[in-house]
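Close look at the chain arrangement
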Amino acid sequence: MFRTILMLFFWAAALPLAALLGFPWTYLTKDITFLYRTSMWAAFTGVRIAGVKVRTLGLDKIDPARTYIFMSNHISNLDPPITLPLIPRRTSVMVKIGLFKVPILGPIMRIGSLVPVDRRNRDAGITALRDAVKAIEQGLNMSIYVEGKRSFDGKLLPFKKGPFYLAQECKVPVVPITISGTEEVMPKARFAIRPGVVTVQFHDPIEPADFGERDCLMAKVRAAINSGLPAELRE
């Protein structure tokens, strides 16, 4: 519990600094690079303060000059602050639409080309898909947790179809990511973080020429993510 509180204190101290320096700069320049890099550094440093060691596999397979859609499993609130800082260059993500209504924060997220999503509204989901296409066309990566919610036990849940429509629309390589260990370090029902090792495995990119039909691409991504899970959690 002490390490968790220490991490939260660190984030609480880093947030005002990022806001005081990064927000005005982003507003004036319409360039979110400084704020993004500061946020990613703070997120990853906070996790390490909490006693979490991160082991990466396959990151050398990613060409920083290319644009990708990263599709990952999701088992813990620690997944984003661990995985997003590892991705070369800037990545966009899908964010609950309610956060875009928060003063100052909402406009900043729009400058950063984050994608608002309302999972309760099908029409809004179509709009989110279009916004994601625009972000990728700008040259940004897109990172998506393809189950749409966290798994309680670390086993894969059914995948959402939207990310695969997006991949076929944009025709950029898809990189499956397997996160393992966060189900022990900070499972869904627990607040405190337990020190431990988390593995983030980047699988071979799936090129657009190898996608096949949507269900075929979904099966390929699922098989890749599943292969990186601990044996007791695999399908």
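Everything below is about the structure printed above this text.
The notes below deal with the structure included here. Residue indices follow the written sequence of each chain, beginning from 1 at its first position. Where local features are concerned, this predicted model is filtered to residues with pLDDT of at least 70; where side-chain atom pairs are given and counted, the filter is 80 or more; whole-chain, interface and lining totals use all residues. Calculated side-chain values reflect all of the structure's heavy atoms, with hydrogen atoms and water omitted.

**Side note on the environment of Gln168**
Selection criterion: Per the convention used, a helix needs a DSSP run of H or I reaching at least four residues, while a strand needs a run of E reaching at least two, with both numbered from the N terminus. Two residues form a contact once any of their heavy atoms are found within 4.5 Å.
Relative to the elements of secondary structure, Gln168 occurs in helix H6 (residues 162–170). In this structure, Gln168 is in contact with Phe211, Gly212, Glu213 and Arg214, ignoring residues within four places of it in sequence.

**What to know about the packing of H6 against helix H8 (residues 214–227)**
This is how the line gets drawn: Angles shown run from 0 to 180 degrees and are taken between the N-to-C directions of axes, each axis being a line fitted to C-alpha atoms and, for helices, limited to the stretch in contact. Roughly parallel here means an angle under 35 degrees, roughly antiparallel means over 145, roughly perpendicular means 65 to 115, and every remaining angle is called oblique. Should the near helix be turned counterclockwise from the far one by less than a right angle, the crossing is left-handed, whereas a clockwise turn marks it as right-handed.
One way to put it is that H6 packs onto H8 with a least axis distance of 10 Å and a crossing angle of 110°. One element, H6, and the other, H8, form an angle in the roughly perpendicular class. Along this stretch, H6 crosses H8, giving a crossing that reads as right-handed. Across from Phe164, Tyr165, Ala167 and Gln168 in H6, the residues of H8 making contact are Arg214, Leu217, Met218 and Val221.

**A short note on the packing of aromatic side chains**
Filter applied, for reference: Pairing of aromatic side chains here covers Phe, Tyr and the six-membered ring of Trp, requires ring centres within 6.5 Å, and sorts the geometry by plane angle: under 30 degrees stacked, over 60 edge-to-face, intermediate tilted. Type-normalised accessible area, obtained with a 1.4 Å probe on protein chains alone, sets the label of each residue: buried when under 20%, exposed when over 50%, and partly exposed for intermediate values.
The final tally for this structure, using the stated rule, is four aromatic pairs. Plain terms: the ring middles of Phe70 and Phe202 are 6.2 Å apart, the flat faces sit at 90° to each other, and that makes the pair edge-to-face. Here Phe70, found in strand E2 (residues 69–72), pairs with Phe202, found in strand E7 (residues 196–202); they are 132 residues apart in sequence, far enough to count as distant. Owing to a relative accessible area of 1%, Phe70 belongs among the buried residues under this scheme. Owing to a relative accessible area of 0%, Phe202 belongs among the buried residues under this scheme. Among the aromatic residues, those joined into a ring-pair cluster are Tyr68, Phe70 and Phe202.

**Brief notes about the pattern of salt bridges**
How we decide: Criterion for a salt bridge: a side-chain nitrogen of Lys or Arg within 4 Å of a carboxyl oxygen of Asp or Glu.
For the coordinates displayed, the defined rule picks out five salt bridges. Linking Lys61 and Asp204 is a salt bridge whose minimum nitrogen-to-oxygen distance equals 3.1 Å. Of the two residues, Lys61 is situated in the loop between strand E1 (52–57) and E2 and Asp204 in the loop between E7 and H8; the sequence distance between them amounts to 143 residues. A relative accessible area of 37% means that Lys61 is categorised as partly exposed. Measuring nitrogen to oxygen at the nearest pair gives 3.0 Å for the salt bridge that ties Arg66 to Glu207. Placement of Arg66 in the loop between E1 and E2 and of Glu207 in the loop between E7 and H8 is noted, with a sequence separation of 141 residues between them. You can call Arg66 partly exposed: its relative accessible area is 33%.

**Observations concerning unusual backbone geometry**
For Lys30, which is not glycine, the phi torsion reads 60° and is therefore positive. Here Lys30 is to be found in the loop between helix H1 (2–29) and helix H2 (33–49). Judged by its relative accessible area of 55%, Lys30 falls in the exposed class. With a phi close to 55°, Lys171 is a non-glycine residue in the positive phi region.

**Regarding the sheet that holds strand E6 (residues 174–180)**
Condition: Two strands pair under a simple rule: DSSP has to find at least two bridges between them.
Overall, mixed pairing links the seven strands, which are arranged E1-E7-E6-E2-E5-E3-E4 in an open sheet. Of all strands in the sheet, those with a lone pairing partner are E1 and strand E4 (115–117), marking the two edges. Strand-to-strand twist across the sheet, computed as the mean angle between neighbouring axes with direction ignored, equals 25°. Taken together, the six bridges between E1 and E7 define a ladder with parallel strand orientation.

**Things to note about H8**
Inclusion rule: Here a helix's expected span is defined as the number of its residues, less one, multiplied by 1.5 Å.
Its 14 residues place the ends of H8 20 Å apart at the C-alpha level, agreeing with the 20 Å of an ideal helix rising 1.5 Å per residue. Taken together, the buried positions of H8 are occupied by Arg214, Leu217, Met218, Val221, Arg222, Ala224, Ile225 and Asn226. Where H8 is buried, its residues meet E2, H6 and E6.

**Some details on empty space enclosed by the protein**
Heads up, the rule is: Using protein atoms alone on a 1 Å grid, points that fit a 1.4 Å probe yet trap it form a cavity, whereas open point sets bounded by protein on both sides within 12 Å along at least five of seven lines form a pocket; residues with an atom within 4 Å of a point count as lining. Grid points are joined across faces, edges and corners, and a volume is the space filled by probe spheres set on the points. When residue character is reported, Ala, Val, Leu, Ile, Met, Phe, Trp, Tyr, Cys and Pro are called nonpolar, Asp, Glu, Lys and Arg charged, and the others, Gly included, polar.
The final tally for this structure, using the stated rule, is one cavity of 30 Å³ or more. Around the largest cavity, the lining residues are Phe70, Ser72, Thr83, Leu84, Ile87, Ser143, Ile144, Tyr145 and Ile177. When contributions to the lining of the largest cavity are tallied by element, the ones reaching two or more residues are E2 and strand E5 (141–145). Residue contributions to the lining of the largest cavity peak at three residues, all from E5. Among the residues forming the lining of the largest cavity, the class breakdown is six nonpolar, three polar and no charged.

**Notes on H2**
The terminal C-alpha atoms of H2, which comprises 17 residues, lie 24 Å apart, in line with the 24 Å expected from a rise of 1.5 Å per residue. Turning to H2, its buried residues are Leu35, Tyr36, Met40, Ala42, Ala43, Phe44, Thr45, Gly46 and Val47. Looking at the buried residues of H2, the elements they touch are H1, E1, helix H3 (79–83), strand E3 (91–96) and helix H4 (105–111). In the segment just after H2, Gly51 is the residue with positive phi, at about 95°.

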